[in-house]
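Coordinates in review
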Number of protein chains: 2
Amino acid sequence: MVNDKIILGHGSGGRLTQELVRDVFLKHLGEAGPSSLDDGAVLDAQKERLVYTTDSYVVSPLEFPGGDIGTLCVAGTVNDLAVMGAKPLWLSLGVILEAGLPLETLERIVKSIGRTAKAAGVKMVCGDTKVVEHGKGDGIFINTSGVGILTTLLSPQTIQPGDKILISGMIGDHGMTLLTLRKGFEVEADLKSDCASLNSLIGNVTAEVSVKWMRDPTRGGVATALNELASGKGWGIRLEELALPFSEPVRGLEELLGLDPLYSANEGKALFVVPAAEVQQALEVLRKEPLGEKAAIIGEVTAKHAGKVVLNTTMNTLRTLGILTSDPLPRIC
Amino acid sequence: MVNDKIILGHGSGGRLTQELVRDVFLKHLGEAGPSSLDDGAVLDAQKERLVYTTDSYVVSPLEFPGGDIGTLCVAGTVNDLAVMGAKPLWLSLGVILEAGLPLETLERIVKSIGRTAKAAGVKMVCGDTKVVEHGKGDGIFINTSGVGILTTLLSPQTIQPGDKILISGMIGDHGMTLLTLRKGFEVEADLKSDCASLNSLIGNVTAEVSVKWMRDPTRGGVATALNELASGKGWGIRLEELALPFSEPVRGLEELLGLDPLYSANEGKALFVVPAAEVQQALEVLRKEPLGEKAAIIGEVTAKHAGKVVLNTTMNTLRTLGILTSDPLPRIC
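Thresholds, definitions, all that
Residues numbered from 1 in each chain as written. Chains lettered and ligands numbered in written order. Predicted model: local features only at pLDDT ≥ 70, side-chain atom pairs only at ≥ 80, totals over all residues. Heavy atoms only, no water. Pairing = 2+ DSSP bridges. Helix = DSSP H or I, 4+ residues; strand = E, 2+ residues; numbered from the N terminus. Axes fitted to C-alpha atoms, helices over the stretch in contact; angles between N-to-C directions. Buried < 20%, exposed > 50% of the residue type's maximum accessible area, 1.4 Å probe, protein only. Polar contact = N/O pair within 3.5 Å; in protein donor to acceptor, adjacent residues only side chain to side chain. Contact = heavy atoms within 4.5 Å. Salt bridge = Lys/Arg side-chain N within 4 Å of Asp/Glu carboxyl O. Domains from an automatic or database assignment. Buried area = accessible area lost by both parts, 1.4 Å probe. Right-handed = clockwise from strand over helix to strand, strands pointing away. Phe/Tyr/Trp six-rings, centres within 6.5 Å; stacked < 30°, edge-to-face > 60°. Left-handed = near helix turned anticlockwise from the far one by under 90°. Nonpolar A, V, L, I, M, F, W, Y, C, P; charged D, E, K, R; others polar. Patch = residues over 30% accessible without salt bridge, like charges linked within 9 Å, V, L, I, M, F, W, Y side chains within 5 Å. Areas by Shrake-Rupley, 256 points an atom, 1.4 Å probe, with all protein chains shown as cover. Lys, Arg positive; Asp, Glu negative; His and termini not counted. Charge placed at Lys NZ, Arg CZ, Asp CG, Glu CD. Arc of directions from axis to C-beta. Parallel < 35°, antiparallel > 145°, perpendicular 65-115°, else oblique.

1. Focus: the sheet that holds strand β14 (residues 318-320) of chain B
All names here are of chain B. Read across the sheet, 7 strands follow the order β9-β11-β8-β12-β10-β13-β14 without closing on themselves; strand pairing throughout is mixed. Strands with a single pairing partner mark the edges of an open sheet, and in this sheet they are β9 (213-215) and β14. Mean inter-strand twist for the sheet, computed between neighbouring axes without regard to direction, equals 25°. Examined bridge by bridge, strand β8 (residues 164-167) and strand β12 (residues 296-302) share 4 bridges and lie antiparallel to one another. When the bridges of β12 are listed, Ile165 appears paired with Gly299.

Okay, structure coming up:
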């Protein structure tokens, strides 16, 4: 590459675009990338049912402790497919670059994409690059859609009082990391984003346990994800504050600043609803893997509080956890 | 909706996001939209081979004579699938909104998406909405990926001298329309973008003719698309200037400003390579439909000029048409 910054010509569809795709995208995606520069990819789905999802990523800053927009755009879409009961296979990669973006930043991000895709066992099979003028974007925005094969039929319609709520690990790390960075607080050494692909961990659980529902609690956090589940139902959800797994730095931020990690984004966590009879087995399967070693049973489905999510606090009072109504921290993902 | 402008909270993943999706996206997409707010969609592909593509759209201005970014983001992705020999079925919709975007602009664009998707017979099956601060985006950027079923096996490896090059209609209208708008020239009354979904027209051709290769000549135009085809091959392509179909306003801009419509973007045109023996049939099939009534045979594959595209000019001289090296007009799509 002759240039060390993105220029508008990189979005022309001509020679500069080809060079950028070849020297940055194909190069750094390696085996996780497409085999050609064609506009699309042919997928051999045999006779399976497919799951299809899309997400745009506008996280700011682009790089943060624990990951970057590249890690996030792969893990986020992989996790969306996995919590729908699918084995993620193919991802698309649509990037919108702002003119002036240093090429070395782009290269670091594409390397993250390649590394994360390879680790998750997915291929980035098609892509597209656009460039906007300096001041009309913000470094890089990425859309990754994804296609997977449906392997697990969930059964949210069978959820009933007594079912247990599990989470695969510590709550709120991604959101709290971004918040400390953005507000200019000193980031504690051991606070970092939990950004990770969960398809393997989730596959282990669904292979052994009758999971009724799963969700990755990203924007809006655990409280919003569970509210979406309970909304309009004839049952409620009660979380136990004492059971919620928080890292020390997140607990510290909660105490110092009054922030509620239940509304803070996670990018490497899954929530599960499982029958009470299988909850111990689910916990064991989760805790066998590093990504699930802090898994915990955090609450249960209740006959009371229909349509609502309540928190049984450490002071043994009940607090209703509403849905997030605005955005305490924009551009978290 | 309480607000008449996009605010950052619309990207929170909480209640405002839900309202925006329900009151703008689900409402205006209608039957062309998803049946639920779930993160992804289940596709029933039976035992077919699938084609998968992605494109981001950053066109400026958002609305222009002949279409808007909504028309474009559906037609563009539909056309990418169609020229790969696929029947387009499912599209994703990832939007990045800039805070301050008037809601009525967004509604007009989503209506265009719904109308264009319905006309093309495709469904927007999954979506995602993000919002960035005012000044960090430019109104609206859209990514649409798409999945289709492979119905036609093209055979670019059998292309040989004597094969004919066809285009489905007038050249350069989209690019020239955007250029006149952006440079502040008075737009001629009859100059407008050719933005259109070609899947039906292309399906008619591939049903009756042995098409060897197809492409929608968008960014970089006809010259760049044909250069990509010829590059590295043992044959060349010769276009006949007298045969090129241009609208009067495009020809006028070419003569007044020296702009070359062969490098100007098209958003509702397809190029075909077909055997000489079938070219008349292809032309007849194309001309039966309004979208193909100006179709023309514009050149042929030649034993000479290997790897190159040349233009036999009106003065009977040969001019080599190189690949576009930079971007004469950024953000055309």
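2. A closer look at the side chain of Thr144 of chain B
Residues and elements named next belong to chain B. Positionally, Thr144 belongs in strand β7 (residues 140-150). Of the residues examined, Thr144 reaches a relative accessible area of 0% and is grouped as buried. Side-chain polar atoms of Thr144 contact the backbone oxygen of Cys73, separated by 2.6 Å. Engagement of the side chain of Thr144 in a polar contact is seen with the side chain of Thr77, the distance being 2.8 Å. The residues contacting Thr144, other than those within four sequence positions of it, are Thr54, Asp55, Tyr57, Cys73, Thr77, Ser92, Leu93 and Met124.

3. Describing the sheet that holds strand β12 (residues 296-302) of chain A
All names here are of chain A. An order of β9-β11-β8-β12-β10-β13-β14 is seen for the 7 strands of this open sheet, with the pairing classed as mixed. With partners counted over all chains shown, the strands left at the sheet margins are β9 (213-215) and β14 (318-320), one partner each. Across the sheet, the mean angle separating the axes of adjacent strands is 25° when strand polarity is ignored. Pairing between strand β13 (residues 309-312) and β14: 3 bridges, direction antiparallel.

4. Side note on the pattern of salt bridges
On inspection of all chains with the given rule, the structure shows 30 salt bridges over all chains. Between Arg22 of chain A and Asp23 of chain A there is a salt bridge, with the nearest N and O atoms lying 2.9 Å from each other. What makes Arg22 of chain A partly exposed here is its relative accessible area of 47%. When salt bridges that share partners are traced, they join Asp55 and Arg219 of chain A together with Asp128 and Lys130 of chain B into one network.

5. Comments concerning the domain arrangement of chain A
Residues and elements named next belong to chain A. When cut into domains, chain A gives domain 1 (8-150) and domain 2 (156-320). When each unit is reduced to the centre of its C-alpha atoms, the spacing between domain 1 and domain 2 is 28 Å. Across the boundary between the two partners, domain 1 contributes 20 residues, which contact 20 residues of domain 2. Buried area between domain 1 and domain 2, both sides added, is near 1,500 Å², and the carbon and sulfur share of it is 66%. The interface formed by domain 1 and domain 2 holds 0 salt bridges in total. Our count for the contact surface shared by domain 1 and domain 2 stands at 6 residue pairs in polar contact (both at pLDDT 80 or more). At the level of elements, β3 (63-64), α2 (69-83) and α3 (103-120) are the ones that each hand at least two residues to the side of domain 1 that touches domain 2. In terms of residues, the side of domain 1 that touches domain 2 owes the most to one element, α2, which gives 9 residues.

6. A word on the pairing of strand β6 (residues 123-132) of chain A
A large share of β6 of chain A lies buried, amounting to 8 of its 10 residues. Handedness of the β-α-β unit built from strand β5 (residues 86-98) of chain A, α3 of chain A and β6 of chain A comes out right-handed.

7. Here we look at the environment of Thr53 of chain A
Here Thr53 of chain A lies in strand β2 (residues 49-57). By relative accessible area, which is 0% here, Thr53 of chain A ends up buried.

8. Details of the pairing of strand β10 (residues 236-240) of chain A
Residues and elements named next belong to chain A. In this sheet, β12 lies alongside β10 in antiparallel orientation, the contact comprising 4 bridges. Its bridge partner lying in β12, Arg238 is registered against Glu300. Alignment of β10 against β13, held across 4 bridges, turns out to be parallel. If you follow Glu240 over to β13, its bridge partner there is Asn312.

9. Things to note about the side chain of Ser112 of chain B
All names here are of chain B. Within the secondary structure, Ser112 sits in helix α3 (residues 103-120). Ser112 sits in the buried class, given a relative accessible area of 2%. Not counting chain neighbours up to four residues away, the residues in contact with Ser112 comprise Asp68, Gly70 and Thr71.

10. As for the packing of aromatic side chains
Working definition: an aromatic ring pair is given by the centre-to-centre distance plus the angle between the planes. Taken as a whole and assessed by the stated rule, the structure comprises 2 aromatic pairs over all chains. Consider the rings of Tyr52 of chain A and Tyr52 of chain B, whose centres lie 6.3 Å apart with planes at 80°: the pair is edge-to-face. Within this pair, whereas Tyr52 of chain A is found in strand β2, its partner Tyr52 of chain B is found in strand β2 (residues 49-57), the two belonging to separate chains. For Tyr52 of chain B, a relative accessible area of 0% corresponds to the buried category. Measuring from ring centre to ring centre gives 6.2 Å for Phe141 of chain A and Phe141 of chain B, while their planes differ by 45°; the resulting arrangement is tilted. Placement of the pair is Phe141 of chain A in strand β7 (residues 140-150) and Phe141 of chain B in strand β7, with the two residues belonging to separate chains. Exposure remark for Phe141 of chain A: the relative accessible area of 2% places this residue in the buried category.

11. Remarks on the packing of helix α1 (residues 15-29) of chain A against α3 of chain A
Between two packed helices, what matters for the description is the angle formed by their axes and the separation of those axes. Residue and element names in this part refer to chain A. The contact between α1 and α3 brings their axes to 7 Å, and the two run at 35°. Crossing angle aside, the handedness with which α1 passes α3 is right-handed. Contact with α1, carried on its side by Leu20, Asp23, Val24, Phe25, Lys27, His28 and Leu29, involves Leu103, Leu106, Glu107, Val110, Lys111, Ile113 and Gly114 of α3 and no other residues of that element. In terms of residue class, the contact of α1 with α3 is made up of 8 nonpolar, 2 polar and 4 charged.

12. Observations concerning a negative patch on the surface
All names here are of chain A. A cluster of acidic residues, Glu186, Glu188, Asp190, Glu248 and Glu255, forms a negative patch at the surface. Relative to the helices and strands, Glu255 resides in helix α7 (residues 248-257). In this structure Glu255 comes out as exposed when scored by relative accessible area, which is 63%.

13. Examining the environment of Ser247 of chain B
Residues and elements named next belong to chain B. The topology assignment puts Ser247 in the loop between β10 (236-240) and α7 (248-257). Taking the C-alpha atoms as reference points, Ser247 and Glu186, separated by 61 residues in sequence, lie 17 Å from one another. The residues contacting Ser247, other than those within four sequence positions of it, are Met170 and Asp173. Within the structure, the side chain of Ser247 is placed 3.5 Å from the side chain of Asp173, a separation counted as a polar contact.

14. Observations regarding helix α8 (residues 279-287) of chain A
Residue and element names in this part refer to chain A. Every buried residue of α8 is listed here: Val279, Ala282, Leu283, Val285 and Leu286. Down the axis, α8 shows its buried residues gathered within 165° of arc, on one side only. Looking at the packing, one finds that the buried side of α8 touches β8 (164-167), α5 (199-208), β11 (271-274) and β12.

15. Some details on the packing of α5 of chain A against α8 of chain A
Residues and elements named next belong to chain A. Axis separation between α5 and α8 bottoms out at 9 Å; the angle between their running directions is 150°. Judged on the interaxial angle alone, α8 and α5 are roughly antiparallel. For the element pair α5 and α8, the recorded crossing hand is right-handed. Contacts between α5 and α8 pair Leu201, Asn204, Val205 and Glu208 from the former with Gln281, Val285 and Leu286 from the latter. Here the residues of the contact of α5 with α8 are counted per class, giving 4 nonpolar, 2 polar and 1 charged.

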